[in-house]
Amino acid sequence: MADRVTVIGWDGSPLTAAARSALSAATLVAGAAHHLALPEVPASAERIRLGSVGLAARRIAGHRGSAVVLADGDPGFFGVVRTLRAPEHGLEVEVVPAVSPVAAAFARAAMPWDDAHIVVAHPRTLRRAVNVCRAHPKVAVLTSPGAGPAELALLLEGVHRTFVICEELGTEREQVTVLTSDKAADHTWRDPNVVIVIGGGGNVADRDAGWIAGHEPAGQPSERGWALPAEGRPGPAEGESIQLRAAQLARLGPRTGDLVWDIGAGTGALAVEAARFGAAVIAVDQDAAACARIDAAARHAQVQLHVVHGRAPHTLENLPEPDVVRIGGGGVPVVSACADRRPERIVTHASTRDEAEAIGRTLSESGYAVECALLQSVDLDTRTWSERERAVAFLLSGRRLDRAP
């Protein structure tokens, strides 16, 4: 195996003394074409054009001598170090870092970034990266061919954001462009690039410094828990209860990178709570007054929601693909339309056994494993321990069978 493997980050600035020393002793150098063209790369060293890091790692493991791997930015940050340190390669790695593209991009924009979410967009992960941009007011996207600024903009259609697009950072061709997301699809962008996606949450410059990287969970600092009671926030809709909402959230399991549909969102209570888990949420309701209340609830909770005024199932046709769906009303036709879009989970409720059976049958025929439970909750006045309100509902959840639980 290689006597020594040094991974050198490169950000366009002159190499450090440690990096030059490692390169001068290298008998094998791996990197992209622009790395291998650096004058510090020894003419006598074997050169590997870095495509698959795993294949390069196997070549390095079989090499006798000193190997150097060159990579852009900080190679330990979404970089090659993770693959090179995999146990199957048996490599001992030293790292000489440089400034990461994300740090450089925020520096060019003169913005703090300890409150930013950072995602990697490949064609296979692009939709999840877009959902993070929907849900959070400051996101840095490390792009790749086929998952760049234009593709981000196309999938964010209807959601207003500002893009700061940083192309070829650290090179003579570096360029920084600021434009709205609806204009980004009209351009051709050079790789590599980083996109800072801003918007949807007021002035991000006004946010207080936090204690953890990435934006803190939404909501007031004093709030803890979920399915919270209606104190200054929307309460349950008629026929529902806080306990039903808690059970629905538990079955949905919303998380960062997901897109949640809340159909018949009503007061917006569940939509807001799903957003507090970090998911992107589209709340649909046919009542304009309800849509206004949902917008107000989202502002109060300091979360991002996309509110759609329209009647399901017809208004669902143009919405982006959901990961999980909660149906607050509409019965079998809406359940069937949602199942046609193949989300991982569909959760709803019914007020009668006949309605529950009809919904369960529709889910089962659509390829979902169905669970049903009869939930009864009784709200007590703890001053007198007397019954204040009683709610009974059938909770139904469907899990798509062509996906592992």
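Preceding this paragraph is the structure being described.
Here the structure is a predicted model, which means the values were calculated and not measured.

(A) Spotlight on helix 6 (residues 126-135). When you tally the buried positions in helix 6, you get 8 out of 10 residues, the bulk of the element. Along helix 6, the residues that are buried comprise L126, A129, V130, N131, V132, C133, R134 and A135.

(B) Structural detail: the environment of L38. Relative to the helices and strands, L38 is located in the loop between helix 2 (33-36) and strand 3 (46-49). For L38, a relative accessible area of 13% gives the class buried. The spatial distance from the C-alpha of L38 to the C-alpha of P101 is 19 Å, given a sequence separation of 63 residues. Not counting residues within four places of it along the chain, the set of residues in contact with L38 comprises W10 and L70.

(C) Up close: the sheet that holds strand 10 (residues 193-198). Read across the open sheet, the 5 strands follow the order 6-7-10-8-9; overall the sheet is mixed. The open sheet has two free edges, formed respectively by strand 6 (117-120) and strand 9 (175-180), since each of these has just one partner strand. Across the sheet, the mean angle from the axis of one strand to that of its neighbour is 20°, orientation sign disregarded. Across 6 bridges, strand 8 (residues 162-167) lies against strand 9 in antiparallel orientation. The partner of E167 across the bridge, within strand 9, is Q175. Here helix 6 sits on the sheet and contacts strand 6, strand 7 (138-142) and strand 10; the angle it forms with strand 6, its principal contact strand, is near 165°.

(D) Focus on unusual backbone geometry. Cis geometry marks the peptide bond from D191 to P192, where omega comes out at -5°. Inspection of the secondary structure assignment puts P192 in the loop between helix 8 (181-184) and strand 10. Cis rather than trans, the peptide bond between A312 and P313 has omega equal to 10°. Tracing the chain through its elements places P313 in the loop between strand 13 (306-309) and strand 14 (324-327). One non-glycine residue with positive phi stands out, namely Q302, at about 60°. Since its relative accessible area comes to 43%, Q302 is described here as partly exposed.

The rules behind the values
- Residues numbered from 1 in each chain as written.
- Predicted model: local features only at pLDDT ≥ 70, side-chain atom pairs only at ≥ 80, totals over all residues.
- Heavy atoms only, no water.
- Buried < 20%, exposed > 50% of the residue type's maximum accessible area, 1.4 Å probe, protein only.
- Helix = DSSP H or I, 4+ residues; strand = E, 2+ residues; numbered from the N terminus.
- Contact = heavy atoms within 4.5 Å.
- Pairing = 2+ DSSP bridges.
- Axes fitted to C-alpha atoms, helices over the stretch in contact; angles between N-to-C directions.

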